[in-house]
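Listed here are the chains, written in short residue letters.
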Amino acid sequence: MHVLRVNNITVSYADREVFRELSWVVGDRDRVALVGPNGAGKSTLLKVMLGEIRPDRGHISAQQSLRIGYLPQDVNLPRGESLINTAMVKPPELVAVEKSLDKIEAQLADPNVYGDGSRLAQTLERHEALLAQFERMNGGRHSSHVRELLAMLGFTAEDYDRRTESLSGGQKKMVALAQLAVAAPDVLLLDEPDNHLDMAGKRQLERFILNYRGSVVIISHDRYLLDEVAEQIVELENGKLTVYHGNYSYYVNERRLRRLRQQQQYVTQQKEIARIEAMIERFESWAKQVLSRKHMLAARQRRRMLEKMEERGEIIEKVGEQRLMGFQVEGWRGSKKALELKRVTMGFDDDPLFMDANLLLRHGERVGLIGPNGAGKTVLLKLILGELQPVAGEVVVGPSIGIGFYSQEHQTLDGWLEKTPLDLIRSMQNSSEPNAVNFLLRMAFSYEQVRQPVRTLSGGERSRLQLARVMLQQPNLLLLDEPTNNLDIPSVEALEDALDDFNGTVLIVSHDRYFLDQTVDRLVEIRDGVLKEYVGGYTEYLVATGRLKES
């Protein structure tokens, strides 16, 4: 049963058409992943479905009394509040229902109402409807339901008194999700809910989505997450929607087959069109030479046939290739030992992160660094960069090692927020404007974006700019802190290819399980103050730790 319908909507921003005449339906209990390149309009489409953006044309139709919950990309929680008090804030819809119930109950105690049979019947009917709505929103068990949701999303009673400002970005999102889900909206719209979540958080999010009783539409770039939860992939690209009934792996294979068939059909049709156009040309030439009405009519008939094909939308489009990020780091040989940690102890005040930690990275290795949020992964990178000093032990960077650093929160761009990408690249390249523009175009920026202030760029665009900066540093040791956050899947795949070709050493902090499987040959886990190594990618780590049985 369809609960929400998108009817031929068109949306434009600043004279740029984001998408045209999109149609789509969301069914009861659907699990839908909305995918597509950065800038395709995925977040915009969610906001149209929510009613925050009005389309230029078309409309959204919904089942009567449908309730929609929306989790945005960026979540802001009130500062100074405890986690539990923040999560316990009642949704506005529930507050409104409670106020209406109080008003109705006051009316039922009014002699003018209970003494009037007709008014009493109407009031009781309204009271019954509000009670049903109150029940659907779990109003009677709000407090216990919030605690259940927090537990499902990975929080314990020990977390309840934590201040919101002490939470990680991923934890803030999970608190906001608990706030949202407690009223059990019929449709949940989740915009990159997995960003900044650690591995355990992603597993809890998967479980939450799979068990949710309503429909879920999720925007995510986590390919493992999409494989686990999605039953339908909806691709938004070049202003058009394409639906695939299956999970992400099915989508990848089916999309490749569809595009291959489309290209074959396009080539066949173009040959036929060329044949007909050549025939029209011959008929018109003969008609001019011998003044033949018969040949002129034949030419017009075939030209009209081509025009009707176009009018009916029967012209098959050539398969277009998305403009991919041209990320490539050459690297160079450097020291045999790229990096070594010797009995390093690190902590803050009386809170140790790790003790007597040892780690050796040799030239050419690809190592992933994993562990729960707060375990000390980013701190370890800051020790390597020299931004922090260990309490004890030694961090040794090889004598001929140049480091390229990608920061999780884009801090390497902080000094350039009011400048443009063009300013940044020209300062690093010491090159002409045309050369800098061409370089940014290869990194999938548009002509307009290269001259916009960096602060106006989206998360994905800032990620690409950070990678461009790393590329120009020409390092032979890459330190990448959550590099796939905000990148669309084609850009992540381009990054995977570049790391495969890189002539240097890579240390990656990431919670992207698929990315780790594709890029690293060794994992180092920080947990409970100890560094432990595992050979292979993330799947091998799951087998080694007993979380996944070998097939």
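Data block above holds the structure.
Since we're looking at a predicted model, the values are computed, not measured.

The rules behind each value
- Residues numbered from 1 in each chain as written.
- Predicted model: local features only at pLDDT ≥ 70, side-chain atom pairs only at ≥ 80, totals over all residues.
- Heavy atoms only, no water.
- Buried < 20%, exposed > 50% of the residue type's maximum accessible area, 1.4 Å probe, protein only.
- Helix = DSSP H or I, 4+ residues; strand = E, 2+ residues; numbered from the N terminus.
- Pairing = 2+ DSSP bridges.
- Phe/Tyr/Trp six-rings, centres within 6.5 Å; stacked < 30°, edge-to-face > 60°.
- Lys NZ or Arg CZ within 6 Å of the ring centre and 35° of its normal.
- Axes fitted to C-alpha atoms, helices over the stretch in contact; angles between N-to-C directions.
- Parallel < 35°, antiparallel > 145°, perpendicular 65-115°, else oblique.
- Left-handed = near helix turned anticlockwise from the far one by under 90°.
- Contact = heavy atoms within 4.5 Å.
- Nonpolar A, V, L, I, M, F, W, Y, C, P; charged D, E, K, R; others polar.

Draft legend 1. Just the pairing of strand β15 (residues 477–481), in detail. With five of five residues buried, β15 lies mostly within the body of the structure. Because side chains alternate across β15, one face comprises the buried residues L477, L479 and D481, and the other comprises L478 and L480, equally buried. Here strand β14 (residues 403–406) pairs with β15 via four bridges, running parallel. Opposite I403, over in β15, you have L477 as the bridge partner. As defined by bridge partners, β15 adjoins strand β16 (residues 505–509) across five bridges and the pair is classed as parallel. Note on β16: the bridge partner recorded for L480 is I508.

Draft legend 2. The packing of aromatic side chains, seen in detail. The full count for this structure, using the stated rule, is seven aromatic pairs. Aromatic side chains Y248 and Y251 sit 5.5 Å apart centroid to centroid with 50 degrees between the ring planes, which places their arrangement in the tilted category. Here Y248 and its partner Y251 are both found in helix α10 (residues 248–290), three residues apart, which amounts to about one turn of the helix. Centre to centre, the rings of Y538 and Y541 are 5.6 Å apart; their planes meet at 35 degrees, and the pair counts as tilted. Placement of both Y538 and Y541 in helix α18 (residues 538–544) is noted, with a separation of three residues, approximately one turn of the helix. By the burial criterion, Y538 is buried, and Y541 matches it. Directly above the ring of F445 sits R464, whose terminal nitrogen or CZ lies 4.8 Å from the centroid.

Draft legend 3. Main features of the sheet that holds strand β7 (residues 215–219). Taken together, six strands build an open sheet; the order of strands is β5-β6-β7-β3-β8-β9 and the sheet is mixed. Pairing within the sheet leaves two strands with one partner each, and these edge strands are β5 (68–71) and β9 (240–244). The sheet shows a mean angle of 15 degrees between the axes of neighbouring strands, taken without regard to direction. Across five bridges, strand β8 (residues 232–237) lies against β9 in antiparallel orientation. The partner of E235 across the bridge, within β9, is T242.

Draft legend 4. Quick peek at the packing of helix α13 (residues 421–429) against helix α14 (residues 433–442). One can describe the packing of α13 onto α14 by two numbers: an axis separation of 9 Å at closest approach and a directional angle of 115 degrees. By the angle between their directions, the pair α13 and α14 is classed as roughly perpendicular. The handedness of the crossing between α13 and α14 comes out as right-handed. Packed against α13, whose contacting residues are P421, L422, I425, R426 and Q429, the element α14 presents E433, N435, A436, V437, F439 and L440 at the interface. Of the residues in the contact of α13 with α14, the class split is seven nonpolar, two polar and two charged.

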